[in-house]
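# Structural features, examined
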Amino acid sequence: MERLNLNQLAIFVKVIECEGFSAASRVLFLSQSSVSKQVQNLEMALRAQLVDRSGPRIRPTPAGTVLLAQAKEVLALANQAVEAVRTAALVREEPLLIGSTSTINGHLLPALLALRQLEPTALLGLAVSTADELAGALEEGRIGIGLTGSPLAPGGYESELLADEEMLLVCAADHPLAGRDITPDDLAGEVFLLRECGSQTRRQLTSLLRTWDLAEARTLDLWGTEGIKQAVRIGLGVGLLPRRSVRRELLHGVLAELAVRPAPERRPVTASWTLARPLTEHEQLLLPILRWAARAPVGSDIPLPRRPRE
């Protein structure tokens, strides 16, 4: 059986579409003689006349008509194969960029470490932003997976509740209220440290202040979890943080918990993934790792998932 030459097939199709060797040569940026020679070679390989050269315009012969339809399908499949290979190559070469709100980083970083063990050559990136910015990135497919402290508003992504985490009101270790059971009234003179605008932690704390009848309390705006922790440590005020993010500081007596009643509600940990594009192989590997990491005790080993079947 003769093997078809894809280049000859493409030239043959273009000659028929352009109704002539000269017109096809201009489109293909080849000489007319080269175009004619390639079609002749194809005819010799198939042992059949494919073009009718008798008239002013080139037309396909009955055999050429049959080949024309088949050739278009073959060329389309070849193009799909090329695109599939390029996509597969990009999955391996492009960095894996995951989005997260800063308070949830404690859940995501162990999962990225586990993925690094599974894929040592993977290029990993972490985009830390507010929940609103994260939703926009997921909508546009700029990131495949995002981790937030509560479900995002409905959009072009799917979301899954992974776990929930305990939220604490924390103070400096030498604060007069540290270690005591207190009520909201005891906090009337405190400065409350607020996260940046758009932060879910900020929204939760401002809602708590209204619930505690402390909506008029003094506040100080800061940026990020680390900013809140450092400001609390030096006595600038009290702040709301997840227990996971201050575990070490509480253990070593750098910060203290304010045991206020009613206590802050636990906060969900939610993973969302984009619907704007298919998830890459690395993103598919990361999702089950995130599910485990969100529920696992701090410091525990995360089991590595199996690769998805080709």
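Shown above is the structure to which this text applies.
Not measured: the values here are computed from a predicted model.

## Side note on the packing of helix H1 (residues 6-18) against helix H2 (residues 21-28)
Where H1 contacts H2, the axes come no closer than 8 Å and their chain directions differ by 120°. In terms of axis orientation, H1 runs oblique to H2. In terms of crossing hand, the pair formed by H1 and H2 is right-handed. Here Ile11, Lys14, Val15 and Cys18 of H1 lie close against H2, whose contacting residues are Phe21, Ala23, Ala24, Val27 and Leu28. Its residues placed into classes, the contact of H1 with H2 shows 8 nonpolar, no polar and 1 charged.

## Things to note about the sheet that holds strand S5 (residues 145-148)
Strand order in the open sheet formed by 5 strands is S4-S3-S5-S14-S6, with mixed pairing between adjacent strands. The open sheet has two free edges, formed respectively by strand S4 (124-128) and strand S6 (157-165), since each of these has just one partner strand. For this sheet the average axis-to-axis angle between neighbouring strands, irrespective of direction, equals 20°. Judged from the 5 bridges that link them, strand S3 (residues 96-100) and S4 form a sheet pairing that is parallel. Opposite Ser100, over in S4, you have Val128 as the bridge partner. Against the sheet, helix H10 (residues 281-295) contacts S3, S5, S6 and strand S14 (267-274), and its axis sits at roughly 25° relative to S6.

## Re the environment of Gly149
On the secondary structure map, Gly149 appears in the loop between S5 and S6. On the basis of relative accessibility, which here comes to 0%, the residue Gly149 falls in the buried class. Along the backbone, Gly149 and Ala131 are 18 residues apart, and their C-alpha atoms lie at a distance of 8.2 Å.

## Let's talk about the pattern of salt bridges
Pairing between side chains of opposite charge can happen when the charged atoms of each approach one another. Enumeration over the complete set of coordinates arrives at 15 salt bridges. One salt bridge connects Glu17 with Lys14, and the closest N-O pair in it is separated by 3.4 Å. Of this pair, Glu17 and Lys14 both sit in helix H1, separated by 3 residues, roughly a single helical turn. For Arg243, the salt bridge is made with Glu166, and the minimal N-O distance between the two is 2.7 Å. In this pair, Arg243 is assigned in helix H9 (residues 243-251) and Glu166 in the loop between S6 and strand S7 (167-172), connecting sequence segments 77 residues apart.

## Considering the side chain of Lys229
Structurally, Lys229 is set in helix H8 (residues 224-233). Looking at Lys229, its side chain comes within polar contact range of the side chain of Glu226, at 3.0 Å. Excluding residues within four positions of it along the chain, Lys229 makes contact with Leu241, Ser245, Val246, Glu249 and Leu255.

## Notes on the nonpolar core
Counting 22 residues, the largest nonpolar core has Ile145, Leu162, Leu286 and Leu290 as its most contacted members. Among the secondary structure elements, those contributing two or more residues to this core are S3, helix H5 (105-118), S5, S6, S14 and H10. A total of 7 residues in this core trace back to one element, the largest contributor, which is H10. With sequence-adjacent residues up to four places away left out, Leu286 is seen in contact with Ile98, Ala111, Leu112, Leu115 and Ile145. Within the second largest apolar cluster, 19 residues are counted, among which are Leu205, Trp212, Leu214 and Leu258.

## Things to note about the packing of H1 against helix H3 (residues 32-46)
A pair of packed helices is characterised by two quantities: the angle between their axes and the separation of those axes. Relative orientation of the contacting elements H1 and H3 amounts to 115°, with a least axis distance of 9 Å. In terms of their interaxial angle, H1 and H3 are classed as roughly perpendicular. The crossing of H1 and H3 is left-handed. On the side of H1, the interface is formed by Asn7, Gln8, Leu9, Ile11, Phe12 and Val15, while H3 contributes Val35, Gln38, Val39, Asn41 and Leu42.

## Description of the sheet that holds S7
The mixed open sheet is built from 5 strands, whose spatial order is S10-S9-S11-S7-S12. Of all strands in the sheet, those bounded by a partner on one side alone are strand S10 (218-221) and strand S12 (255-257). Recorded for the sheet is a direction-independent mean angle of 40° between the axes of neighbouring strands. Along the sheet, helix H7 (residues 200-211) contacts S7, strand S9 (191-194), S10 and strand S11 (238-242); its crossing angle with S9, the most-contacted strand, is approximately 155°. Across the face of the sheet, H8 comes into contact with S7, S9, S11 and S12 while running at roughly 135° to S11.

## Observations regarding H7
Because each turn of an α-helix spans 3.6 residues, side chains separated by three or four positions end up pointing in the same direction. Taking 1.5 Å of rise per residue, 12 residues should cover 16 Å, and H7 covers 16 Å from first to last C-alpha, within 8% of that figure. Within the span of H7, buried status applies to Gln200, Thr201, Arg202, Gln204, Leu205, Leu208 and Leu209. Looking one or two residues beyond H7, the residue adopting positive phi is Asp213, at roughly 60°.

Procedures and definitions
Residues numbered from 1 in each chain as written. Predicted model: local features only at pLDDT ≥ 70, side-chain atom pairs only at ≥ 80, totals over all residues. Heavy atoms only, no water. Axes fitted to C-alpha atoms, helices over the stretch in contact; angles between N-to-C directions. Helix = DSSP H or I, 4+ residues; strand = E, 2+ residues; numbered from the N terminus. Parallel < 35°, antiparallel > 145°, perpendicular 65-115°, else oblique. Left-handed = near helix turned anticlockwise from the far one by under 90°. Contact = heavy atoms within 4.5 Å. Nonpolar A, V, L, I, M, F, W, Y, C, P; charged D, E, K, R; others polar. Pairing = 2+ DSSP bridges. Buried < 20%, exposed > 50% of the residue type's maximum accessible area, 1.4 Å probe, protein only. Salt bridge = Lys/Arg side-chain N within 4 Å of Asp/Glu carboxyl O. Polar contact = N/O pair within 3.5 Å; in protein donor to acceptor, adjacent residues only side chain to side chain. Core = buried A, V, L, I, M, F, W, Y, C linked by side-chain atoms within 4.5 Å. Expected span 1.5 Å × (residues − 1).

Purely spatial values, then, with no claim about function.
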